Amino acid sequence: MGQTLSEKILSQKAGRQVRAGEVVSVSPDYILSHDNSAAIIQEFREIGLEKLASPEKVVIILDHVVPAASEKHALNHKIIREFVKEQGLPHFFDIESGVCHQVFSEKGFALPGLLVVGSDSHTTTYGAFGTFAVGIGRTETASVWATDEVWLRVPETIKFVLEGKLNPGVMSKDLILRLIGDLGAEGANYKAVEFSGPAVGSLSLSSRMVMTNMAAEMGAKNGYFEPDELCLQWVESRAKRPFEPVYSDEDANYEAVYHYNLFEVEPCVACPHSVDNVKPVSAVAGTTIHQALIGTCTNGRVEDLEVAARILKKKRVSPGVRLLVLPASRDVYAEALSSGILETLYNAGAVILNPGCGPCLGAHMGILAPGEVALSTANRNFRGRMGSRDAFIYLASPATVAASTIEGRITDPRGYL
Amino acid sequence: MKGKVWKYGDNINTDVIFPGKYTYTLMPPEEMAKHALEDLDPEFASKVKPGDVVVAGRNFGCGSSREQAGSCLKAAGVQAVIAKSFARIYFRNAVNLGLPVIQCEAVVDALETGDEAEVDLGAGLVKTNKGDFVFPPFSASVIGILEAGGLIPYTRQKLKEKGLLK
Ligand code: SF4
């Protein structure tokens with residue numbers, strides 16, 4: 001019997017044929033961490049080793065609270081900068097860079113066939129490029145720094161066969177929300193999720209990243225698209241190292257296969273307080289919103305800002321609404337700036353924030369007050385995530401968020417495109 | 001060493017394994033053991049003996065990522081948790097803490113509270129009064145982590161063997 005992409009990559013790394021269910025000890029190609037590097041450094045010191053095993057594999061990107069929001073955060077960053085210097089780490093990105101997952105991808109670390117571990121649950125994002133990318137804990141990250149080894153269980157795979165095409169005004173965010181709603185927040189627990197089928201070619205790389213990013217919200221260990229021409233062209237120009245694309249065999253074993261016709265997907269919203277509480281926009285249309293966020297590692301790329309700008313062109317954000325726009329990276333910021341997207345959003349009344357995680361995790365730059373309702377393009381709407389425990393977070397596509405800011409309540413974007 | 005089986009159902013979440021109200025206080029392991037499974041089986045903590053085995057259905061350890069949900073069972077002396085399936089983060093945390101977690105449907109179906117079981121990690125075998133059951137063996141490295149008592153001691157030990165740490 002053939003192997004899935006995950007089985008193949010882990011077999012290569014383990015140096016033997018492995019199957020779903022086995023546990024392997026492997027050496028990753030890259031190890032990502034962010035502001036939590038300070039905590040990892042502490043654990044690493046506890047091990048007692050002086051030098052990292054493979055400094056060239058370590059990628060540190062400061063993004064969670066940038067620029068530092070308090071003295072505590074500033075000290076955190078300082079500890080990390082000093083460690084980077086002490087260890088001579090070549091891949092360090094300071095506060096100007098953007099959200100780790102976007103920067104990691106743009107800078108050519110997320111490559112087909114590679115094995116990446118990251119101390120962030122949305123490390124799954126890199127599967128958009130055919131990478132086996134998985135989130136691990138802080139303690140584990142310290143141990144990988146020290147030993148260049150991590151243990152992983154080879155996951156079973158759930159396959160989504162995507163057919164048809166998304167209708168205008170419907171985005172890949174709506175599709176992944178629909179899948180999470182159908183499968184549940186634990187529906188893919190410990191599993192790999194493969195997105196395939198004839199519709200994949202019609203999804204941009206940015207749109208694919210939305211889906212692999214949010215695969216984590218159905219419990220998946222990793223999510224991926226097999227690298228196609230579009231992907232290979234994009235990565236070849238920026239690759240930090242050689243790579244070899246890996247594909248699932250035709251006779252690979254899947255635990256389950258689900259078919260979806262993209263024509264049937266409607267704009268969706270994840271309602272408070274869980275990501276699998278998914279409803280069609282029509283079911284919650286009219287809900288008053290106070291804050292809107294377009295950005296984050298889920299939906300802060302140029303195509304996301306662009307669709308928002310198209311909707312908001314020559315329009316005004318409703319007086320009761322604060323629209324925060326958070327480009328995912330410095331590169332995204334630059335492109336949105338030179339193409340006039342940011343100007344359009346600015347003219348509509350948006351506050352443009354610097355690239356980073358910003359208000360996504362409720363640490364700074366747009367905290368919610370009790371009773372307030374936010375509509376966000378992020379990936380999590382857990383209680384208290386963006387500030388007050390008594391606030392309400394709805395998740396939607398950038399198109400839905402943009403259209404809703406005009407009306408001041410949750411709105412179907414299809415009337416605006 | 002054979003231990004007594006404590007059997008529970010599906011979707012045992014981390015809140016009933018270790019209540020959230022204790023998570024933001026620093027607690028030594030012995031103290032954590034006193035609250036193990038508190039909201040699921042109030043008898044467990046006072047009656048559990050070193051070497052006992054927790055057996056459960058699907059999705060054991062779902063919910064939050066709190067590591068105490070593993071530490072409290074380990075501190076209570078639980079030899080292993082055997083379940084039909086584990087929530088992903090629970091599984092990783094448990095191994096990294098040195099608590100053996102074994103996925104094996106047949107054992108779970110066969111055993112009831114009060115039965116006896118013993119786990120042989122190296123052989124991939126659960127020996128019980130209802131017969132022996134095989135499970136896919138762990139890799140040498142995972143067995144190593146479990147035997148060392150968790151990931152950090154294991155890492156230290158491995159680095160010492162390689163002469164990288166004194
Ligand atoms: S943008 Fe939000 S979800 Fe993404 S890495 Fe930052 S905090 Fe996490």
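As the structure is a computational prediction, the values presented were derived from the model and not from experiment. (Residues numbered from 1 in each chain as written. Chains lettered and ligands numbered in written order. Predicted model: local features only at pLDDT ≥ 70, side-chain atom pairs only at ≥ 80, totals over all residues. Heavy atoms only, no water.)

Undergrad: Please clarify how the overall build of chain A should be interpreted in this entry.
TA: On a plain count of helices and strands, chain A comes out with 14 helices and 18 strands. Its C-alpha atoms give chain A a radius of gyration of 21 Å, near enough to 22 Å, the size a compact globule of 417 residues would have. Dimensions along the principal axes, computed over C-alpha positions, put chain A at roughly 60 × 55 × 40 Å. The buried share of chain A, taken over its 417 residues, is 62%. The long-range fraction of contacts in chain A, counting pairs at least 24 apart against all pairs at least 6 apart in sequence, stands at 76%. By element, 49% of the accessible surface of chain A is carried by carbon and sulfur atoms, the whole surface being about 14400 Å². Side-chain charges in chain A split into 39 positive and 48 negative, and the spacing between the mean points of these groups amounts to 5 Å. (Helix = DSSP H or I, 4+ residues; strand = E, 2+ residues; numbered from the N terminus. Rg over C-alpha atoms; globule rule 2.2 N^0.38 Å. Buried < 20%, exposed > 50% of the residue type's maximum accessible area, 1.4 Å probe, protein only. Contact = heavy atoms within 4.5 Å. Areas by Shrake-Rupley, 256 points an atom, 1.4 Å probe, with all protein chains shown as cover. Lys, Arg positive; Asp, Glu negative; His and termini not counted. Charge placed at Lys NZ, Arg CZ, Asp CG, Glu CD.)

Undergrad: Is there a simple way to think about the overall build of chain B in this case?
TA: Looking only at helices and strands, one finds eight helices and seven strands in chain B. Scaling as 2.2 N^0.38, a compact globule of 166 residues should have a C-alpha radius of gyration of about 15 Å, and chain B matches this with 15 Å. Dimensions of chain B along its principal axes, counting C-alpha atoms only, are 45 × 40 × 25 Å. Taking all 166 residues of chain B together, the buried fraction comes to 57%. Looking at chain B alone, contacts between residues at least 24 apart form 64% of all its contacts between residues at least 6 apart. Total accessible area on chain B is roughly 7300 Å²; 54% of this is exposed by carbon and sulfur atoms. Computed over 20 positive and 20 negative side-chain charges, the separation of the two mean positions in chain B equals 7 Å.

Undergrad: Honestly, the pattern of salt bridges in this entry has me stumped. Any pointers?
TA: A side chain with one charge can pair with a side chain of the opposite charge if their charged atoms come near. All names here are of chain A. Applying the stated criterion across every chain, the model contains 28 salt bridges over all chains. Of the charged contacts, one joins Glu86 and Arg45 as a salt bridge, the two residues approaching to 3.1 Å between their closest N and O atoms. Taken as a pair, Glu86 in helix H3 (residues 71-87) and Arg45 in helix H2 (residues 37-47) lie far apart in primary sequence, 41 residues in all. Here Glu86 falls in the partly exposed class, since its relative accessible area comes to 39%. In this structure, Asp331 engages Lys107 in a salt bridge whose closest nitrogen and oxygen atoms are separated by 3.6 Å. Placement of the pair is Asp331 in helix H12 (residues 330-338) and Lys107 in the loop between helix H4 (100-106) and strand S5 (115-118), with a sequence separation of 224 residues. Overall, the relative accessible area of 27% leaves Lys107 in the partly exposed class. It is possible to trace a salt-bridge network through shared partners that takes in Lys13, Asp29 and Arg241. (Salt bridge = Lys/Arg side-chain N within 4 Å of Asp/Glu carboxyl O.)

Undergrad: What's the story with the packing of aromatic side chains in this structure? I'm lost.
TA: Using the criterion set out here, one finds 21 aromatic pairs over all chains in the structure. Plain terms: the ring middles of A:Phe44 and A:Phe83 are 6.0 Å apart, the flat faces sit at 75° to each other, and that makes the pair edge-to-face. Taken together, the positions of A:Phe44 in helix H2 and A:Phe83 in helix H3 put the pair 39 residues apart, joining distant regions of the chain. Owing to a relative accessible area of 0%, A:Phe44 belongs among the buried residues under this scheme. Ring pairs connect the aromatic residues A:Trp151, A:Tyr190, B:Phe60, B:Phe86, B:Tyr90 and B:Phe91, which therefore count as one cluster. A cation over a ring is seen here: A:Arg153 above A:Tyr190, with NZ or CZ 5.3 Å from the ring centre. (Phe/Tyr/Trp six-rings, centres within 6.5 Å; stacked < 30°, edge-to-face > 60°. Lys NZ or Arg CZ within 6 Å of the ring centre and 35° of its normal.)

Undergrad: In this structure, what is going on with the confidence of the model for chain B? I would like to understand it.
TA: Detailed reading of the predicted coordinates is not advisable wherever pLDDT falls low. All names here are of chain B. Confidence in the prediction of chain B, expressed as mean pLDDT, is 89, and 94% of residues score 70 or more. Here helix H1 (residues 14-17) stands out as the least confident element of chain B, with mean pLDDT 82; strand S2 (residues 53-56) is the most confident, with 98. For this predicted complex, the interface confidence comes out at an ipTM of 0.83, alongside a pTM of 0.87. (pLDDT = per-residue confidence, 0-100.)

Undergrad: Please explain the nonpolar core as it appears in this structure.
TA: One recurring pattern in soluble globular proteins is that nonpolar side chains are buried together. Judged by nonpolar contacts, the single largest core of 59 residues is most densely connected at B:Phe44, B:Phe60, B:Leu73, B:Ile82, B:Tyr90 and B:Phe138. For B:Ile82, the contacting residues outside a window of four places in its chain are B:Val53, B:Val54, B:Val55, B:Ala56, B:Ile102, B:Cys104, B:Val107, B:Val108, B:Val119 and B:Val126. (Core = buried A, V, L, I, M, F, W, Y, C linked by side-chain atoms within 4.5 Å.)

Undergrad: Quick question: what am I supposed to make of helix H8 (residues 229-236) of chain A here?
TA: Spacing of three or four residues puts side chains on the same side of an α-helix, whose turn is 3.6 residues. Residues and elements named next belong to chain A. All buried positions along H8 are accounted for by Cys231, Leu232 and Val235. The arc that holds the buried residues of H8, viewed along the axis, is 95°, so those residues lie on one side. Opposite its buried face, H8 presents the exposed residues Glu229 and Gln233, each directed more than 90 degrees away. On its buried face, H8 sits against helix H7 (205-215). (Arc of directions from axis to C-beta.)

Undergrad: Can you help me understand the environment of A:Val58 in this one?
TA: Residue and element names in this part refer to chain A. Relative to the helices and strands, Val58 resides in strand S3 (residues 58-61). The exposure class of Val58 is buried, given its relative accessible area of 1%. Taking C-alpha positions, Val58 is 13 Å from Lys85, a pair spaced 27 residues apart along the chain. When near neighbours in sequence (up to four residues on either side) are disregarded, Val58 contacts Ile31, Leu52, Leu89, His91 and Trp145.

Undergrad: Could you clarify how one ought to interpret the site of the ligand in this entry?
TA: Every residue close to the ligand is listed here: A:His64, A:Val99, A:His101, A:His122, A:Thr296, A:Cys297, A:Cys357, A:Cys360, A:Leu361, A:Asn379 and A:Arg385. When the residues that make up the shell around the ligand are grouped by side-chain class, the tally is five nonpolar, five polar and one charged. (Near = heavy atom within 4 Å. Nonpolar A, V, L, I, M, F, W, Y, C, P; charged D, E, K, R; others polar.)

Undergrad: I'm lost on unusual backbone geometry in this one. Help?
TA: Glycine aside, the phi torsion of most residues is negative, and most peptide linkages are trans. Backbone torsion omega between A:Val66 and A:Pro67 reads -20°, so that peptide bond is classified as cis. Structurally, A:Pro67 is set in the loop between S3 and H3. Going from A:Pro272 to A:His273, the amide bond is cis rather than trans, its omega being -5°. The phi torsion at A:Lys314 lies on the positive side, around 60°, for a residue other than glycine. Assignment of secondary structure puts A:Lys314 in the loop between helix H11 (302-312) and strand S15 (322-326). Even without a glycine there, the phi angle at B:Asn11 is positive, about 50°. Here B:Asn11 lies in the loop between strand S1 (3-7) and H1.

Undergrad: Mind showing me how you'd approach the pairing of S1(B) here?
TA: On a regular strand, each side chain points to the face opposite its neighbour's, so the side chains alternate between the two faces of the sheet. All names here are of chain B. The pairing of S1 with strand S5 (residues 116-120) spans two bridges and is antiparallel. Directly across from Gly3, in S5, lies its bridge partner Ala117. Here S1 runs beside S2; their pairing, made up of three bridges, is parallel. Bridge pairing in S2 links Trp6 to Val54. (Pairing = 2+ DSSP bridges.)

Undergrad: Would you explain the interface of chain A and chain B in this entry?
TA: One frequently used descriptor of interface size is the decrease in accessible area upon assembly of the parts. Residue-level contacts link 25 residues of chain A with 25 residues of chain B. Per-residue buried area on chain A facing chain B is highest for A:Ile47, A:Trp151 and A:Tyr190; these three make up 30% of the total on that side. Our count for the chain A to chain B interface comes out at two salt bridges. For the salt bridge of B:Lys158 with A:Glu149, the shortest nitrogen-to-oxygen distance reads 2.9 Å. Inspection of the region where chain A meets chain B yields twelve residue pairs in polar contact (both at pLDDT 80 or more). Elements supplying a minimum of two residues to the side of chain A that touches chain B: strand S1 (23-26), H2, strand S6 (132-135), helix H5 (138-147) and strand S7 (150-153) of chain A. Ranked by residue count, the leading element in the side of chain A that touches chain B is H5(A), at five residues. (Buried area = accessible area lost by both parts, 1.4 Å probe. Polar contact = N/O pair within 3.5 Å; in protein donor to acceptor, adjacent residues only side chain to side chain.)

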